Amino acid sequence: METPEGAATNRRAEATQDARSHAVELPSDTEPTLRLLEQYSGIDPKDVPGLVRQVVMVEQQAQALTVFPYGCIKSFWFLNLVPTLDDPRYQAVAERLRTPRSTETFLDVGCCLGPVVRLLASQGVPDDRLHGTDLHAGFLDLGHELFGDRGRSRATYVAGDILDESDARLDVLRGKIDIIYALAFFHLFEREGQLEAAKRMVGFLRPENPRVMIFGQNQGPKIEGWEKYVLDPGRWTSLWEEVGRATGTRWRTEMEVESTDKWNNVRFGVYRIV
Ligand SMILES: C[S@@+](CC[C@H](N)C(=O)[O-])C[C@H]1O[C@@H](n2cnc3c(N)ncnc32)[C@H](O)[C@@H]1O
């Protein structure tokens, strides 16, 4: 009879075989990340497809063993910096972090392989002020593999579950962060999870800085039930009122909604009221 370890080994072998037999055709919106791989990581453009294939393969192997419920690797979303680069809040934040004598710090929550942290570093933000966190330590490791910066970057990457208040691995971020980015993150959870994540984020923010902020984007298909995940401006404001009550803080929210026939996309910003 097949043992669980044997079954996992077979699944891993199948996943590897499968990845080898599929050529990697990268979508056009991965272009900024390919430039980042050349400029930040010094990778020869002709080696990039092979490297990406390797990353996808490793992730498929991990999936065969543990089942990650997110499609950000399979869909190449992890290589898509366009939504970030197109976000005016991101551009303003990059400028702010680059200001001479700035000591402000940045955290990407649910950073996956951490391309945004590398993007900021490549745009001149000192990397010792950059942080990324994700539930899966494997994603953070894959980020080092992909960007080739293990031991070279001073950015901090921490694995941890933001929904688990008792996950002490994340305590290193407590009170240390000025700006939090959450791209395609809040929409993973219904309101209760969003509330937990938001409260933990407030704990990461530097209490003495009146300019702390949280920004990001959510998106979801226009199908019944998705309003639970992609909150509208009214629900977003009410969520942050509840966060304020629970944490003894006050927040002003902004949200822009851009809808197509099939999708709701929102950009948001959350700012401390002093
Ligand atoms: C849809 S992906 C988005 C990744 C990245 N922000 C981007 O837009 O390319 C969601 C990410 O959140 C991470 N994640 C999910 N649940 C989490 C949790 N409870 N705590 C921390 N990270 C979590 C996943 O591992 C995944 O990398």
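Check the entry above for the structure.
Heads up: these notes are all about the structure in this document. (Residues numbered from 1 in each chain as written. Predicted model: local features only at pLDDT ≥ 70, side-chain atom pairs only at ≥ 80, totals over all residues.)

1. Description of the overall build of the protein
Check the secondary structure of the protein and you find nine helices and seven strands. Every one of the 274 residues in the protein was classed for burial, and the buried ones make up 33%. Taking all contacts inside the protein whose residues are at least 6 apart in sequence as the whole, residues at least 24 apart take part in 71%. (Helix = DSSP H or I, 4+ residues; strand = E, 2+ residues; numbered from the N terminus. Buried ≥ 20, exposed ≤ 12 C-beta atoms within 10 Å, placed from the backbone. Contact = placed C-beta atoms within 7 Å.)

2. Topic: the site of the ligand
Residues in contact with the ligand amount to 18 residues; listed here are only the nearest, Gly-110, Cys-112, Leu-135, Leu-183 and Ala-184. Residues that form the shell around the ligand fall into these classes: 14 nonpolar, two polar and two charged. Composition of the shell around the ligand by domain shows at least three residues from each of domain 1 (4–79) and domain 2 (82–272). (Near = placed C-beta within 6 Å. Nonpolar A, V, L, I, M, F, W, Y, C, P; charged D, E, K, R; others polar. Domains from an automatic or database assignment.)

3. Concerning helix H9 (residues 233–247)
For H9, which comprises 15 residues, the first-to-last C-alpha distance of 21 Å matches the rise-based estimate of 21 Å (1.5 Å per residue) to within 8%. Taken together, the buried positions of H9 are occupied by Trp-236, Trp-240 and Val-243. One face of H9 carries all of its buried residues, which in axial projection span an arc of 50 degrees. Among the exposed residues of H9, those pointing more than 90 degrees away from its buried face are Gly-234 and Arg-245. Looking one or two places after H9, you find Gly-248, whose phi comes out positive at around 65 degrees. (Expected span 1.5 Å × (residues − 1). Arc of directions from axis to C-beta.)

4. Let's talk about the sheet that holds strand E5 (residues 213–221)
Ordered by their spatial adjacency, seven strands build an open sheet running E3-E2-E1-E4-E5-E7-E6, and the pairing between neighbours is mixed. If you trace the sheet from one side to the other, it starts and ends with strand E3 (156–159) and strand E6 (251–259), each paired once. In this sheet, adjacent strand axes meet at a mean angle of 15 degrees when their direction is disregarded. Along the sheet, H9 contacts E6 and strand E7 (263–272); its crossing angle with E6, the most-contacted strand, is approximately 155 degrees. (Pairing = 2+ DSSP bridges. Axes fitted to C-alpha atoms, helices over the stretch in contact; angles between N-to-C directions.)

Everything listed here is a matter of geometry and, on its own, says nothing about what the molecule does.
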